[in-house]
Amino acid sequence: MRPARRRFLAAASAGLALAPWARALALAPGEPSRTALGAARHRAAHQLLESPRVFDDPLALRVLGADEVRRLALEADRYRAPAARVLRAFVVARSRLAEDELSRAVADGVRQYVVLGAGLDTFALRNPYPGLRVFEVDHPATQAWKRRHLASLGIDAARGLTWAPVDFERDALGAALARAGFRHAEPAFFSWLGVTIYLSREAVSGTLREIARLARGTRVVFDFSPPRETLPEEERRAHEALAARVARLGEPWIGYFEPEALAAEMRALGFASAEHAGAAELNARYFSGRADGFRLYGSGRLMSARV
């Protein structure tokens with residue numbers, strides 16, 4: 001078996017979750033989503049362990065808090081392991097692509113940014129674009145915890161950030177955004193990272209349909225997983241083992257999409273363009289020429305689309 005395959009399969013069976021989104025039943029009172037915290041730890045570890053950085057986030061460590069930073073330091077060897085590096089590569093690649101595409105949207109005049117399933121994302125706290133209004137959309141329990149957490153760290157999140165609590169399985173995105181002051185007549189940029197695999201196809205399609213109805217020039221970047229049956233056998237077995245483990249935590253993986261079929265569905269919904277990228281494209285874009293072997297493996301995909 002090739003070393004790259006071994007590293008991927010090790011990552012897939014490591015029991016580390018990717019998504020900064022939690023179903024309500026998986027949240028303990030007064031605590032964040034396990035997956036939101038896990039993604040934040042990997043973004044922070046990337047600031048310390050890889051050079052050059054694929055995704056530069058100067059607030060990634062601070063937003064964790066002192067206790068989590070100490071834990072990260074004590075467990076540094078775990079984060080240097082091949083399994084963790086494979087996982088972290090995807091976490092930082094999706095964040096980098098989203099913020100690169102956001103930069104292009106802002107250059108084209110977009111002044112609204114919606115972070116769906118925000119978790120501990122820090123963009124609103126380091127927003128470099130004057131006039132860009134940031135809306136953070138997340139499960140009410142995760143969002144309430146984040147607001148308390150930032151306040152405890154002395155981080156002022158009021159400036160340039162609007163909170164929009166929503167449960168995608170029950171609430172309409174458009175209505176939640178309207179309550180938060182979102183301007184539906186103007187274009188917006190949406191990032192939706194680490195979420196779709198936890199949602200039903202109906203919830204994903206419904207959210208994409210709402211985005212497609214917004215003003216021309218609106219854009220979205222999100223990640224997704226192809227159907228298990230389309231994966232190579234070894235990868236499928238590892239994927240199913242991890243899916244079972246995540247399900248036992250109360251956060252089952254249920255949303256899978258065939259890339260070309262998803263792109264076609266999005267065009268049918270009203271998107272003018274929909275392009276997906278996998279490991280090969282993302283490695284060429286963000287990981288080429290590295291001497292440390294830090295790169296993507298596996299079947300995770302990113303979709304970029306425009307209304």
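The rules behind the values
- Residues numbered from 1 in each chain as written.
- Predicted model: local features only at pLDDT ≥ 70, side-chain atom pairs only at ≥ 80, totals over all residues.
- Heavy atoms only, no water.
- pLDDT = per-residue confidence, 0-100.
- Helix = DSSP H or I, 4+ residues; strand = E, 2+ residues; numbered from the N terminus.
- Contact = heavy atoms within 4.5 Å.
- Pairing = 2+ DSSP bridges.
- Axes fitted to C-alpha atoms, helices over the stretch in contact; angles between N-to-C directions.

**Here we look at the confidence of the model for the protein chain**
Part 1 of the reasoning: Looking at the protein chain, the pLDDT average stands at 86 and 89% of residues meet or exceed 70.
Part 2 of the reasoning: Ranking the elements of the protein chain by mean pLDDT puts helix H1 (residues 3-12) last, at 38, and strand E4 (residues 189-192) first, at 98.
Part 3 of the reasoning: Counted against residues more than four places away or in other chains, residues 1-27, with its pLDDT under 50, gives 90 contacts.

**Side note on the environment of leucine 302**
Part 1 of the reasoning: Looking at where leucine 302 falls in the secondary structure, it is placed in strand E7 (residues 301-306).
Part 2 of the reasoning: Sequence separation between leucine 302 and phenylalanine 224 is 78 residues, and the spatial gap between their C-alpha atoms is 6.3 Å.

**Overview of the sheet that holds E4**
Part 1 of the reasoning: With mixed pairing, 7 strands are arranged side by side in an open sheet as E3-E2-E1-E4-E5-E7-E6. Whereas interior strands pair on both sides, the edge strands pair on one side only; in this sheet they are strand E3 (161-165) and strand E6 (273-277). Taken over all neighbouring pairs, the strand axes of this sheet differ in orientation by 15° on average, direction set aside.
Part 2 of the reasoning: Here strand E5 (residues 219-224) runs beside E7; their pairing, made up of 6 bridges, is antiparallel.

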